[in-house]
Amino acid sequence: MKQIRNLSASHADAWKARALAALRSNSSLSVRLARYNAAMTKARALETQEVRHA
């Protein structure tokens, strides 16, 4: 189970990094915010999944 937790955590970290990159991209504010929110939703879902398996 520990390996699954680490995998979920690394995926969540990757989605957080993607969310931050979306904020820095060269797009309109509304597009950047939409991409950030979508990535953070996935990151939070992975973190919640990780907590349930703990």
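All values reported here derive from a predicted model rather than from experimental measurement.

Thoughts on the environment of Trp15
Relative to the helices and strands, Trp15 is located in helix 1 (residues 2-24). The exposure class of Trp15 is partly exposed, given its relative accessible area of 21%. Along the chain, Trp15 and Ala38 lie 23 residues apart, while their C-alpha atoms are 9.3 Å from each other. Setting aside anything within four residues of it in sequence, one finds Trp15 in contact with Ala39, Lys42, Ala43 and Leu46.

Some thoughts on the pattern of salt bridges
Here the structure, examined in full by the defined rule, presents one salt bridge. Across the salt bridge formed by Lys16 and Glu47, the nearest N and O atoms sit 2.5 Å from each other. Here Lys16, found in helix 1, pairs with Glu47, found in helix 2 (residues 29-53); they are 31 residues apart in sequence, far enough to count as distant. You can call Lys16 partly exposed: its relative accessible area is 28%. A residue is classified by how much of its surface remains accessible, and Glu47, at 28% relative accessible area, is partly exposed.

The rules behind these values
Residues numbered from 1 in each chain as written. Predicted model: local features only at pLDDT ≥ 70, side-chain atom pairs only at ≥ 80, totals over all residues. Heavy atoms only, no water. Helix = DSSP H or I, 4+ residues; strand = E, 2+ residues; numbered from the N terminus. Buried < 20%, exposed > 50% of the residue type's maximum accessible area, 1.4 Å probe, protein only. Contact = heavy atoms within 4.5 Å. Salt bridge = Lys/Arg side-chain N within 4 Å of Asp/Glu carboxyl O.

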